[in-house]
Amino acid sequence: MTRAALFDVDGTLVDTNYLHVTSWWEAFRQAGHTVAMPAIHRAVGLGSDDLIDHLLGPGRDREQDAGISATHSALYATCFERLPPLEGAADLLRALAGRGWTVVLATSASGPELQALRRALDADDVIAGTASSDDVDEGKPAPAPIRHAMEIAGATAEETVYVGDSVWDMEAATRASVAAVGLLSGGIPRADLESAGAVEVYRSPADLLAHIDSGVVARMHP
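Residues numbered from 1 in each chain as written. Predicted model: local features only at pLDDT ≥ 70, side-chain atom pairs only at ≥ 80, totals over all residues. Heavy atoms only, no water.

**Thoughts on the packing of helix 3 (residues 48-56) against helix 4 (residues 65-77)**
Right, so step 1: Interhelical geometry of helix 3 versus helix 4 gives an angle of 115 degrees and a closest axis separation of 10 Å. By the angle between their directions, the pair helix 3 and helix 4 is classed as roughly perpendicular. Two packed elements cross with a definite hand, and for helix 3 against helix 4 that hand is right-handed. Of the residues in helix 4, those in contact with Ser48, Ile52 and Leu56 of helix 3 are Asp65, Ile68 and Ser69.
Right, so step 2: Looking at the contact of helix 3 with helix 4 residue by residue, the class counts come to 3 nonpolar, 2 polar and 1 charged. (Axes fitted to C-alpha atoms, helices over the stretch in contact; angles between N-to-C directions. Helix = DSSP H or I, 4+ residues; strand = E, 2+ residues; numbered from the N terminus. Parallel < 35°, antiparallel > 145°, perpendicular 65-115°, else oblique. Left-handed = near helix turned anticlockwise from the far one by under 90°. Contact = heavy atoms within 4.5 Å. Nonpolar A, V, L, I, M, F, W, Y, C, P; charged D, E, K, R; others polar.)

**Side note on the environment of Ala149**
Right, so step 1: Topologically, Ala149 is positioned in helix 7 (residues 144-153).
Right, so step 2: Placed 46 residues apart in sequence, Ala149 and Val103 show a C-alpha to C-alpha distance of 9.4 Å.
Right, so step 3: Excluding residues within four positions of it along the chain, Ala149 makes contact with Leu6, Val104, Ala106 and Ala131.

**Some points on the sheet that holds strand 1 (residues 3-7)**
Right, so step 1: Strand order across the open sheet formed by 6 strands is 3-2-1-4-5-6, with parallel pairing between neighbours. Strands at the two margins of the open sheet, each flanked by one partner only, are strand 3 (127-131) and strand 6 (200-202). If you compare each strand with its neighbour and ignore which way they point, the axes differ by 25 degrees on average.
Right, so step 2: Inspection of the sheet shows strand 1 paired to strand 2 (residues 101-106) by 5 bridges, in the parallel sense. Residue Ala4 lies in a different strand from strand 2, and its bridge partner there is Thr102.
Right, so step 3: Packed onto the sheet, helix 5 (residues 89-98) meets strand 1, strand 2 and strand 3 and runs at close to 140 degrees relative to strand 2. (Pairing = 2+ DSSP bridges.)

What follows is the structure, given as structure tokens:
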């Protein structure tokens, strides 16, 4: 039996959500839009196109979209060399790999951004693959990223756990019939994660690591 541990990255393994919030806020401001930071925070985890659509709505001037996204990317890129991994993140991935799990990242990040996140995480030795936004037609909350990550791992839904920090993560995993584990490290409340489908919620990667032999991860025996 293969066991796959799929992970979101932003806010789940690397402490970047609020960097994204401020970068998106400034990108919207430069394009003439006032978007409240709490609204941006709740949208983090969506791909860029979906995030803009979610926050500005269908009646916006779509010709601005590419510029807004590019501005966000440029602002966020200034942080690439100092992205902070969350406590216990790399240790959690190594602990799972040591127990026979196949670790795959399933993230909206791609290209240089994903490379920067992987450098910050410093756990490439136990990451079997990555399903990025470039690999699928629909991003989270669609189940496509989760299903693609399962294909990379060679696992079925019953053999898979997905760990994330956003409601989009929980919804995507649930729609893929995968057990969803939520982390509070991205700043989203426990109740929101649970209502979106989380079967368990932990404070952080370190907290999940401390419970690795007692929760849903432990119950999925090889």
